[in-house]
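Single-letter residue listing:
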Amino acid sequence: MKKLINNPNNVVEEMIDGYVKAHPTYIKRLEENDRSLVTARKTTDNKVGILIGGGSGHEPGFLGYVGDGMADGVAVGNIFASPPPAPILEVTKAIDKGAGVVYLYGNYAGDVMNFGMAADLADMEDIHVEMVLTTDDVASAPIEEKEKRRGIAGEFFVFKTAGAAADQGYNLGEVARIARKTNEFTRSMGVGLTPCSLPQTGEPSFEIGDNEMELGLGHHGEPGIKKVPMDKADNIADELLKHIFADMPLNKDDEVAVLVNGLGSTPRLELYIMYRRVEQVLKEKGIHIYRSYVGDYITSLEMGGCSITLTKVDDELKKLIDHPVDCPMFVQK
Amino acid sequence: MKKLINNPNNVVEEMIDGYVKAHPTYIKRLEENDRSLVTARKTTDNKVGILIGGGSGHEPGFLGYVGDGMADGVAVGNIFASPPPAPILEVTKAIDKGAGVVYLYGNYAGDVMNFGMAADLADMEDIHVEMVLTTDDVASAPIEEKEKRRGIAGEFFVFKTAGAAADQGYNLGEVARIARKTNEFTRSMGVGLTPCSLPQTGEPSFEIGDNEMELGLGHHGEPGIKKVPMDKADNIADELLKHIFADMPLNKDDEVAVLVNGLGSTPRLELYIMYRRVEQVLKEKGIHIYRSYVGDYITSLEMGGCSITLTKVDDELKKLIDHPVDCPMFVQK
Amino acid sequence: MSLSAREYLNYFKQVTEVIENEKDYLCELDRKLGDGDHGVTMSIGWQSVNEKLDTELLDETDCGKISSVVGMTFLNAVGSSVGPLYATGFIKGAKVLKNKTELTDSDIAEFWVAFVNGVKERGKAQVGDKTIVDTLDPFAKKLEAKFAESQDILAAFSEAVQAGERGMESTKDLISKIGRSSRLGERSLGVQDPGATSAYLIIETFQKVLEVESVK
Amino acid sequence: MSLSAREYLNYFKQVTEVIENEKDYLCELDRKLGDGDHGVTMSIGWQSVNEKLDTELLDETDCGKISSVVGMTFLNAVGSSVGPLYATGFIKGAKVLKNKTELTDSDIAEFWVAFVNGVKERGKAQVGDKTIVDTLDPFAKKLEAKFAESQDILAAFSEAVQAGERGMESTKDLISKIGRSSRLGERSLGVQDPGATSAYLIIETFQKVLEVESVK
Ligand SMILES: Nc1ncnc2c1ncn2[C@@H]1O[C@H](COP(=O)(O)OP(=O)(O)O)[C@@H](O)[C@H]1O
Ligand SMILES: Nc1ncnc2c1ncn2[C@@H]1O[C@H](COP(=O)(O)OP(=O)(O)O)[C@@H](O)[C@H]1O
Ligand SMILES: [Mg+2]
Ligand SMILES: [Mg+2]
Ligand SMILES: [Mg+2]
Ligand SMILES: [Mg+2]
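What counts, and at which threshold
Residues numbered from 1 in each chain as written. Chains lettered and ligands numbered in written order. Predicted model: local features only at pLDDT ≥ 70, side-chain atom pairs only at ≥ 80, totals over all residues. Heavy atoms only, no water. Helix = DSSP H or I, 4+ residues; strand = E, 2+ residues; numbered from the N terminus. Rg over C-alpha atoms; globule rule 2.2 N^0.38 Å. Buried < 20%, exposed > 50% of the residue type's maximum accessible area, 1.4 Å probe, protein only. Contact = heavy atoms within 4.5 Å. Lys, Arg positive; Asp, Glu negative; His and termini not counted. Charge placed at Lys NZ, Arg CZ, Asp CG, Glu CD. Near = heavy atom within 4 Å. Polar contact = N/O pair within 3.5 Å; in protein donor to acceptor, adjacent residues only side chain to side chain. Areas by Shrake-Rupley, 256 points an atom, 1.4 Å probe, with all protein chains shown as cover. UniProt positions renumbered as here; feature names shortened; annotations may be inferred. Donors = N, O, S within 2.8 Å, 3.2 Å for Na, K, Ca; no water. Nonpolar A, V, L, I, M, F, W, Y, C, P; charged D, E, K, R; others polar. Buried area = accessible area lost by both parts, 1.4 Å probe. Salt bridge = Lys/Arg side-chain N within 4 Å of Asp/Glu carboxyl O. Phe/Tyr/Trp six-rings, centres within 6.5 Å; stacked < 30°, edge-to-face > 60°. Lys NZ or Arg CZ within 6 Å of the ring centre and 35° of its normal. Least-squares fit on C-alpha atoms with pLDDT ≥ 70 in both.

1. Considerations on the overall build of chain C
Link 1 in the chain: Summing up its helical and strand segments, chain C has 8 helices and 2 strands in all.
Link 2 in the chain: Secondary structure elements of chain C occur, N-terminal to C-terminal, as β-α-α-α-α-β-α-α-α-α.
Link 3 in the chain: Rg of the C-alpha trace for chain C: 16 Å, near the compact-globule value of 17 Å for 216 residues, within the 12% margin.
Link 4 in the chain: Seen along its three principal axes, the alpha-carbon backbone of chain C occupies a region of about 45 × 40 × 30 Å.
Link 5 in the chain: Across the 216 residues in chain C, those meeting the buried criterion constitute 59%.
Link 6 in the chain: Of all intrachain contacts in chain C linking residues separated by at least 6 positions in sequence, the fraction that spans at least 24 positions is 70%.
Link 7 in the chain: In chain C, 26 side chains carry a positive charge and 35 a negative one; their mean positions are 6 Å apart.

2. Examining the site of ligand 1
Link 1 in the chain: Around ligand 1, a shell composed of 20 residues is seen, among which Asp35, Asp37, His38, Gly123 and Asp193 of chain C lie nearest.
Link 2 in the chain: Neighbouring residues of ligand 1 are distributed over chains A and C.
Link 3 in the chain: With respect to ligand 1, the side chain of His38 of chain C contributes an N or O atom lying 2.9 Å from an oxygen atom.
Link 4 in the chain: Taking Asp193 of chain C, its side chain carries an N or O atom lying 2.5 Å from an oxygen atom of ligand 1.
Link 5 in the chain: Notes on ligand 1: free accessible area 560 Å², of which the protein chains cover 96%.
Link 6 in the chain: Elements supplying a minimum of two residues to the shell around ligand 1: α2 (38-54), α4 (82-97) and α8 (194-214) of chain C.

3. Some remarks on the UniProt feature "domain: DhaK" (unreviewed entry) in chain A
Link 1 in the chain: As recorded in UniProt, the sites labelled "domain: DhaK" (unreviewed entry) are residues 7-330 of chain A.
Link 2 in the chain: Segment residues 7-330 of chain A splits into 32% helix and 26% strand. End C-alpha atoms: 29 Å apart.

4. So, the coordination of the magnesium ion (ligand 3)
By definition of the ideal shapes, a tetrahedral metal site with four donors has angles of 109.5 degrees and an octahedral site with six donors has angles of 90 or 180 degrees.
Link 1 in the chain: Protein-derived ligands of the magnesium ion (ligand 3) are Phe80 of chain A (O), Asp35 of chain C (OD) and Asp37 of chain C (OD), with the metal-ligand distances lying across 2.1 to 2.2 Å.
Link 2 in the chain: A separation of 3.5 Å is found between the magnesium ion (ligand 3) and the magnesium ion (ligand 5), which are bridged by Asp35 of chain C. Linking Phe80 of chain A in the loop between β4 (73-79) and α2 (85-95) with Asp35 of chain C in the loop between α1 (5-33) and α2, this pair reaches from one chain into another. An identical accessibility class is assigned to Phe80 of chain A and Asp35 of chain C; each is buried.

5. Description of the site of ligand 2
All names here are of chain D.
Link 1 in the chain: Of all residues adjacent to ligand 2, which total 20 residues, the nearest are Asp35, Asp37, His38, Gly123 and Asp193.
Link 2 in the chain: At 3.1 Å, a side-chain N or O of Ser80 approaches an oxygen atom of ligand 2.
Link 3 in the chain: At a separation of 3.2 Å, an oxygen atom of ligand 2 approaches a polar backbone atom of Ile132.
Link 4 in the chain: Within the complex, the protein chains bury 95% of what would otherwise be the 570 Å² of accessible surface of ligand 2.
Link 5 in the chain: Elements supplying a minimum of two residues to the shell around ligand 2: α2 (38-54), α4 (82-97) and α8 (194-214).
Link 6 in the chain: Grouping the amino acids of the shell around ligand 2 by side-chain chemistry returns 8 nonpolar, 7 polar and 5 charged.

6. Quick look at the interface of chain B and chain A
Link 1 in the chain: The partner chain A presents 55 residues to the 55 residues of chain B that form the contact.
Link 2 in the chain: Carbon and sulfur atoms make up 65% of the surface buried where chain B meets chain A, a total of about 4900 Å² over both sides.
Link 3 in the chain: On the chain B side of the interface with chain A, the three residues burying the most area are Lys2, Leu4 and Leu269 of chain B, jointly 19% of the side's total.
Link 4 in the chain: For Glu14 of chain B, the salt bridge is made with Arg276 of chain A, and the minimal N-O distance between the two is 3.8 Å.
Link 5 in the chain: Applying the counting rule to chain B against chain A returns 18 residue pairs in polar contact (both at pLDDT 80 or more).

7. What to know about the packing of aromatic side chains
Residues and elements named next belong to chain B.
Link 1 in the chain: Counted according to the given criterion, the structure contains 70 aromatic pairs over all chains.
Link 2 in the chain: Consider the rings of Tyr293 and Tyr297, whose centres lie 5.9 Å apart with planes at 85 degrees: the pair is edge-to-face.
Link 3 in the chain: On the basis of relative accessibility, which here comes to 4%, the residue Tyr293 falls in the buried class.
Link 4 in the chain: Judged by its relative accessible area of 12%, Tyr297 is buried.
Link 5 in the chain: A cation sits over an aromatic face here: Lys285 above Phe245, 4.6 Å from the ring centre.

8. Structural notes on the pattern of salt bridges
Side-chain pairs of opposite charge can arise where the charged atoms are in close proximity.
Link 1 in the chain: The tally for this structure, following the rule as stated, stands at 87 salt bridges over all chains.
Link 2 in the chain: Ionic pairing is found between Glu279 of chain B and Lys21 of chain A, a salt bridge with its closest N-O pair at 3.7 Å. Here Glu279 of chain B is found in helix α7 (residues 268-284), whereas its partner Lys21 of chain A is found in helix α1 (residues 11-22) on a different chain.
Link 3 in the chain: Judged by its relative accessible area of 12%, Glu279 of chain B is buried.
Link 4 in the chain: With a relative accessible area of 30%, Lys21 of chain A lands in the partly exposed category.
Link 5 in the chain: The closest approach of N and O atoms between Asp254 of chain B and Lys312 of chain B, which form a salt bridge, is 3.9 Å. Separated by 58 residues along the polypeptide, Asp254 of chain B in the loop between α6 (233-247) and β10 (255-262) and Lys312 of chain B in strand β12 (residues 304-312) bring together distant segments of the chain.
Link 6 in the chain: Connected through shared salt-bridge partners, Glu13, Glu14, Asp17, Lys21, Arg29 and Arg35 of chain A together with Asp234, Arg276 and Glu279 of chain B make up one network.

9. Notes on the coordination of the magnesium ion (ligand 5)
All names here are of chain C.
Link 1 in the chain: At the metal site, the magnesium ion (ligand 5) is ligated by Asp30 (OD), Asp35 (OD) and Asp37 (OD), and these contacts range over 2.0 to 2.2 Å.
Link 2 in the chain: For the magnesium ion (ligand 5), the single-chain donor residues occur in sequence as D-x4-D-x1-D.
Link 3 in the chain: The exposure class of Asp30 is buried, given its relative accessible area of 8%.
Link 4 in the chain: Classification of Asp37 by relative accessible area gives buried; the value is 6%.

10. A short note on the relation of the copies chain B and chain A
Link 1 in the chain: Superposing chain B onto chain A takes a rotation of 180 degrees plus a shift of 0.0 Å along the axis, which leaves an RMSD of 0.0 Å. Such a turn and shift between the copies fits a two-fold axis. No C-alpha of chain B lies nearer the rotation axis than that of Ser265 of chain B, which sits 2.0 Å from it.
Link 2 in the chain: Interface overlap between copies is the fraction of interface residues in one copy that are interface residues in the other; for chain B against chain A it reaches 100%, indicating a shared surface.

Structure, rendered in structure tokens:
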């Protein structure tokens, strides 16, 4: 496995280093903890703080989404590993303006424990914290156990709407409500074609035949529902959508935001071919696409494959989806 | 080679299909030619038209850069193949507002011939066309034969400044001057780690050992200067910069815009590690970084590797680099 | 038998070494069940602990302090799932060892029981969920029972570690119910849980320390 | 000997077939020297021509029209380097064939000379640059000279194709000076130029048509 790195043990440090140097008008490191990054810009007084975080290797997730209209700070973990409580706490303290802080993170055992510990510590410092877990991956547990599902690319929409709500002056409870509502109305499912490898091991994250793909793959290379033979893009899109529709029935004239997310090494050309089919299927069903995102939004290092995310939007969510954003890795006018 | 495609012969059609459906408020297809895309937005009267184009497989290049502040239209070729004159001519006719059109494209035999033929045809329709070739790849020919060099990621800066100039009301000659000046002050060099494969052949675009990289690789997988053993990111950055500095000496207090461009499958994590070193080296030399871009700006399908681009900027170019942009694949506030 | 702070520190040195040796194996297990980083995570954590052992903890004599610094250091270096789990174990265990410079047999037994309770409280996993707990729960139960019975820490520990080993091995036949691999369903069958494996290494290493100690 | 429009159309059918068979080989050569698409590009172009042969050109009897439609169809399907080159060849050749429904021997000779001049004008490559021209230039020179001498198109064409073949083979020992592979320097040595190869296939196929015709 060839990678553009120096010492494999320093990849996260060096990435952060490069990142803050590349975008000094956007982001800065806290002195208290070098895994704690916060926006370099002045945010409005009394704004609810948005804290995101998780393991590294998902860029633009998560540090790429700190900026105007999205998150105020991020706690950065090792590759595919939740950050410990310390950097989460430091970011919490730095971005709390008295209005409280919302933690947005994916539903992984590690994140649950570390963010939970950080919230306990923040509580001891009298900072109000609301925690919202994303659980959009329909492949990761049956609907009866929705709370066990992991968060994958759908996190992007949760960051998007909650970030917008905070920017528009919603209070702590309201921002948390928006985040939960978005998660509630969001479903994703992915497919893995080729594995990534951790810088420290160089070993492929999962095994897969030359003519196979992994349906429902997690975005750390966790095995999915099953391995199936490789298929045409249209059929893959149909299959992913089938699972999503079974989970969140959509009716004629419902409106959705769509994300076709690349896992890392899948060219945009392929993502747009996937999107093409998604649009066709939604059109056939009379479901309106309110806004679309196609590209690498939450990745797994150089993994090959993609996921499809649908978020059902109402007027409230539409206004938030449309809210402008200015982050180093994501800008929306 | 696993790819998310249907029929390999239809990938470009289907990509364009998905693309225009995903971003209907940004871009539309011309009825006259289905490889001709133009901005869906009203542009100011009397604006010089910016036409970009080239082979597919470089996304976001080139269709991703049609929008406010960048290009008005794009002619889309087959994978790694210049578009023929017909779609170029149709775009030219559609975006000409009487102020003329500037063609911006990389210096490849095919593009030179096809854009040249299109310009001849446009001339017969009394449309003023200026042609500006980008030649930023220092690895592709010695300085004495600079006009033979191919255009790689540095094209991004040419699109950026020329697009801004047109948006700011510069006339045809002035927009072309800006494009040429930007090209004049831009140098790039890349390194290839892993090949891509054409959808139709599935064969790797170049051969490379598990422990080798190709210095100076072209962004269609054309062989570069030489194969060398794989090295640490810092050393690779130093090597690429060495060639750039030898070609375009920079002095203390010069200012540059920097682009660390991923070729397709190289994670942002690695690109920021590369950027980190670029920043260190420039700092040591007392060269100021005016603005930085890190990510996939001009790719080669799923090729692994990256390139470094430096553009020397003066007050005029700085103003243009800062000009806001709103394209489907690139937004700048 | 008793264990000095120096010997206690030395135990952590040995864990560092064992983890370094088993790193690839732990990653391999995690690639099959999770995201493939368990060995890397354990290594990062213990290397960080090791650094503390050579600096801040070099002359530390309070075993409680040692245990809590080890826990916090591990946690801050790794985050992840195992960070909070093992850290909570060492921090709960630290309460038992507070201000002690020399550990008696019953300190040792109590420490490990507290450690395991800490892990269980933090992670809320049950025996059979295919986690660390499958090793640690039978280990702690056996340790507590046998030590109460015999007051022989060496014998009790050795039986406890055997129980832990059986627990670890039992994870091969379990379907994951928690953590990253819980979505694997039947496909998780046949593979031993990486966390259960690293937990076994941690207790087995302590047993070796006791054995060396006992023949001194 | 003479060639009807039908036989001329049939020639293009055969080119389509030959290119389809040699597609992978042409790509392989281009992977070594360029971007690996030459076979794909030629195939896309000729498949598109083939479609026209079965529709718009099905009953076309004006060889000039046939040649210019083939050229424009090829160009519009492929763009690329070879699009303008071959298209210009066929369009320049079309001028010679204008309004002709039956081609005489000298039409044929003139057509190919015009074709080659078109390619050379468009691409501005010199013999020795390692391009299509290395095949086509000696081919056209020989064709012109031999046909002037003997007025025997079959013999002249066959010698010309042999000259083209030698030209094609000479590209193995050349360093690229133009097109994508010109940056390869010495590393381009030893590999035959893909464009020179496809050009050879185009003229060789025409020779076969003449041979079949001559024994009718
Ligand atoms: N709630 C839990 N309680 C006990 N152990 C757990 C729990 N969740 C996960 N684990 C253990 O953590 C191990 C994985 O650790 P590691 O790979 O380091 O973390 P991550 O899952 O964050 O990548 C699993 O093999 C399992 O034994
Ligand atoms: N100026 C030129 N004149 C003649 N032939 C050329 C010229 N430039 C390129 N070629 C030919 O084109 C071939 C490559 O064609 P192809 O692979 O289809 O196009 P591209 O280089 O655009 O990928 C080369 O092998 C060379 O023979
Ligand atoms: Mg992990
Ligand atoms: Mg090409
Ligand atoms: Mg793991
Ligand atoms: Mg080619």
